[in-house]
Amino acid sequence: MNLPKKRFLIVGLVFSLLIFLGYGNAWTQEQQVAQLTSQDCIKCHPKVVHQVEEKGARHKTEVSCVDCHEGHPPMVAKEEIIPKCDVCHSGEPHFELKNCAGCHSNPHTPLDIKFKGKIKKACLTCHKEEQQQLKTYPSAHTKLACNDCHTVHKEIPPCLRCHESHTAEMKNKDCLSCHPPHKPLVITYGTEVPNSYCGACHYDIGDILDKNKTKHHDLTCVYCHRNKHGIRPTCETCHGAPHPKEMVAKFPQCIMCHTDAHDLTK
Ligand code: HEC
Ligand code: HEC
Ligand code: HEC
Ligand code: HEC
Ligand code: HEC
Ligand code: HEC
Ligand code: HEC
Ligand code: HEC
Ligand code: HEC
Ligand code: HEC
Ligand code: HEC
Ligand code: HEC
């Protein structure tokens, strides 16, 4: 055998061996992949399996690893075994949003939701009513993003995180009893509000009424100014017509004799 021929043979042999090994390797891997089930993943990806186990929610109960990851590297390219969300989630406004992973930061724990940036539109795919209120009753809150207040999903923020109280004794639940958060300037209240709350701003009236010796002293501000801030009742609403017509004709206004609702004279 001359040298070139010998070389040719060796190269040929090495080639066949490589081809044989390559195919053989590939074949066994294909076999493995065909048999790879969700039970196998834990051997090499324990962290992910534990995440799904603990916080997979319906990604644990309704789907399995292999429903989402079809095939495995190197047989199937890495990019191709990562599923797009819209393969399974489509047909609702919420599923038209961009960047699902911006909020659902880990597909293995899909209800771990993080809010980043200023969010409003995305919330409206599920909550329309609050935005409706914010729009219909414009206030400084209308200009805020939803997650300026709700920094974490379902969190209810305390008003006192951003505001001072009108008086030291007012608690957070009191704020809500007068100001609905999505229309804070539509101020309504119940019958339980103590005079000191109104007196926080109307301190002059609060003082005058407090010193008064008539039966009006015993009434609360909200007994007379019912339900809605700014309401001015008339004396007749409660007292009807207590005096003879002739007298009223001469002195048409009650306060001509009784001075003032808060500083009543008898
Ligand atoms: C024998 C160990 C082994 C088993 C079993 C295994 N994997 Fe893997 N997996 C790996 C290795 C190693 C890589 C990295 C491959 C690479 O970087 O080329 C990988 C990569 C992946 C990737 C891509 C990761 C990336 O970086 O994008 C996914 C997804 C994946 N595996 C899912 C699974 C699932 C689902 C199962 C169970 C059905 C599973 N694996 C079973 C070893 C394994
Ligand atoms: C609902 C679909 C879905 C299910 C179910 C799912 N995955 Fe994934 N998985 C994904 C997506 C999407 C990514 C890409 C995440 C990314 O790019 O950050 C991913 C990434 C991975 C990765 C690579 C990144 C990492 O976190 O290490 C591995 C490994 C993996 N999955 C394994 C599994 C295993 C094991 C299971 C079952 C216990 C499983 N997956 C169940 C959708 C899923
Ligand atoms: C292979 C199909 C499949 C893929 C891909 C998939 N999901 Fe799901 N997902 C489901 C099923 C099935 C459910 C349960 C029924 C439902 O809510 O529609 C679900 C439920 C969810 C839930 C609610 C979980 C719960 O317990 O309430 C969220 C959030 C979610 N998916 C987000 C995503 C995101 C984000 C992606 C992309 C990273 C994604 N899914 C990809 C099949 C899938
Ligand atoms: C702005 C943040 C945000 C973005 C972006 C987002 N989601 Fe959601 N998603 C949520 C919140 C919040 C929930 C409610 C979770 C709950 O009920 O506890 C939710 C719930 C879900 C659910 C379960 C409820 C349902 O309607 O079936 C699925 C599925 C889901 N998202 C998929 C997606 C997909 C797919 C995308 C991308 C197209 C996406 N999400 C983008 C915040 C977001
Ligand atoms: C995919 C739908 C979905 C999206 C998107 C969504 N939510 Fe929700 N949200 C829900 C569901 C479902 C509940 C639970 C309702 C219940 O318990 O009655 C909820 C509850 C809430 C609650 C608590 C309600 C309560 O009664 O305690 C707040 C606050 C809230 N969401 C704010 C937001 C904000 C802010 C965004 C946007 C950053 C948002 N949500 C995005 C579905 C969604
Ligand atoms: C100024 C802060 C603030 C802003 C901005 C805000 N919220 Fe709220 N939200 C609250 C507070 C406080 C509550 C609790 C109300 C209660 O307990 O009566 C609440 C309650 C909710 C609830 C529970 C149901 C309800 O109406 O009581 C949902 C849902 C909600 N907000 C969604 C949103 C969405 C969506 C946006 C943006 C369009 C938004 N919020 C903007 C403070 C805010
Ligand atoms: C994330 C911060 C934040 C939270 C939480 C918050 N607010 Fe505000 N609020 C603001 C900002 C900012 C303004 C505008 C500047 C100012 O008046 O301080 C405002 C303004 C107001 C105004 C005046 C509105 C106007 O248009 O003049 C009222 C009333 C109000 N807030 C009540 C509340 C009440 C009640 C709560 C709790 C339910 C609350 N706020 C929770 C940030 C917040
Ligand atoms: C008894 C009802 C009542 C209660 C309780 C109440 N407020 Fe007010 N608040 C008002 C009224 C009335 C105004 C003035 C509205 C106007 O100027 O027309 C006001 C105004 C505001 C303003 C606008 C700026 C200002 O000071 O004039 C903020 C902010 C505010 N309240 C926050 C709060 C917070 C926070 C709480 C809880 C600690 C709270 N309020 C409790 C009735 C109330
Ligand atoms: C945070 C301060 C604040 C609090 C608390 C407050 N008010 Fe006022 N109130 C005002 C301001 C400012 C005005 C004048 C602005 C206007 O005309 O709306 C006003 C106006 C009024 C008016 C007169 C409206 C008119 O026609 O002139 C009445 C009546 C009134 N308040 C009653 C109350 C009662 C009752 C309470 C307690 C439930 C209360 N206020 C709590 C700030 C407050
Ligand atoms: C007995 C019923 C009654 C009680 C109690 C009462 N008010 Fe009045 N208030 C009135 C009447 C009636 C008017 C209307 C006077 C008018 O139109 O000339 C009025 C007017 C007002 C006004 C408008 C400005 C003014 O001086 O005319 C304010 C502000 C006010 N009240 C606040 C209060 C506050 C704060 C309290 C509690 C400290 C309170 N009121 C308790 C009946 C009452
Ligand atoms: C929201 C109802 C209400 C309004 C408005 C109201 N009052 Fe009265 N007033 C009362 C009540 C209740 C009493 C106590 C009656 C009793 O105990 O017999 C009272 C008592 C009086 C008394 C007797 C005082 C005493 O000590 O014996 C006079 C006088 C009086 N009111 C005048 C007025 C005048 C004038 C106005 C208008 C400026 C007015 N009231 C507005 C509810 C009201
Ligand atoms: C000309 C003066 C005058 C005018 C105007 C006037 N009152 Fe009187 N009012 C009196 C006198 C005087 C009394 C009796 C005081 C007493 O008995 O101690 C009285 C008593 C009352 C009492 C208490 C009755 C009781 O049984 O104790 C009420 C309530 C009352 N007035 C309401 C009103 C109302 C409402 C108006 C307006 C429609 C009004 N008054 C107009 C002078 C007046």
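Residues numbered from 1 in each chain as written. Chains lettered and ligands numbered in written order. Predicted model: local features only at pLDDT ≥ 70, side-chain atom pairs only at ≥ 80, totals over all residues. Heavy atoms only, no water.

**Quick notes on the site of ligand 10**
Right, so step 1: In the vicinity of ligand 10 lie 15 residues, with Cys221, Cys224, His225, Arg232 and His262 positioned nearest.
Right, so step 2: A distance of 2.8 Å separates a nitrogen atom of ligand 10 from a polar side-chain atom of His225.
Right, so step 3: In this structure, His262 approaches ligand 10 through a side-chain N or O atom, which is 2.8 Å from a nitrogen atom.
Right, so step 4: Of all the secondary structure elements, the ones that give two or more residues to the shell around ligand 10 are α12 (203-211) and α13 (221-224).
Right, so step 5: Per-element tally for the shell around ligand 10: the top contributor is α12, with three residues.
Right, so step 6: Across the shell around ligand 10, the residue classes break down as eight nonpolar, six polar and one charged. (Near = heavy atom within 4 Å. Polar contact = N/O pair within 3.5 Å; in protein donor to acceptor, adjacent residues only side chain to side chain. Helix = DSSP H or I, 4+ residues; strand = E, 2+ residues; numbered from the N terminus. Nonpolar A, V, L, I, M, F, W, Y, C, P; charged D, E, K, R; others polar.)

**A look at the environment of Leu36**
Right, so step 1: Residue placement: Leu36 occurs in the loop between α1 (3-35) and α2 (41-44).
Right, so step 2: Sequence-wise, Leu36 and Gly71 are 35 residues apart; in three dimensions their C-alpha atoms are separated by 8.5 Å.
Right, so step 3: Ignoring any residue separated from it by four or fewer positions in sequence, one finds Leu36 in contact with Val66 and His72. (Contact = heavy atoms within 4.5 Å.)

**Focus on a nonpolar patch on the surface**
Right, so step 1: Taken together, Met247, Val248, Phe251 and Met256 make up a surface patch of nonpolar side chains, about 360 Å² in accessible area.
Right, so step 2: Relative to the helices and strands, Met256 resides in helix α16 (residues 255-258).
Right, so step 3: Met256 sits in the partly exposed class, given a relative accessible area of 46%. (Patch = residues over 30% accessible without salt bridge, like charges linked within 9 Å, V, L, I, M, F, W, Y side chains within 5 Å. Areas by Shrake-Rupley, 256 points an atom, 1.4 Å probe, with all protein chains shown as cover. Salt bridge = Lys/Arg side-chain N within 4 Å of Asp/Glu carboxyl O. Buried < 20%, exposed > 50% of the residue type's maximum accessible area, 1.4 Å probe, protein only.)

**Overview of the coordination of the iron atom of ligand 7**
Right, so step 1: Protein ligation of the iron atom of ligand 7 involves His141 (NE2) and His163 (NE2), the donor distances falling in the range 2.0 Å.
Right, so step 2: The coordination sphere of the iron atom of ligand 7 comprises six donor atoms, whose angles at the metal cover 87 to 178 degrees; the geometry is octahedral. One end of the pair, His141, is in the loop between α8 (129-136) and α9 (146-149); the other, His163, is in the loop between α9 and α10 (172-178), with 22 residues separating them in the sequence.
Right, so step 3: By relative accessible area, His163 is classed as partly exposed at 48%. (Donors = N, O, S within 2.8 Å, 3.2 Å for Na, K, Ca; no water. Tetrahedral: all angles 85-135°; square planar, octahedral: opposite > 155°, others 65-115°.)

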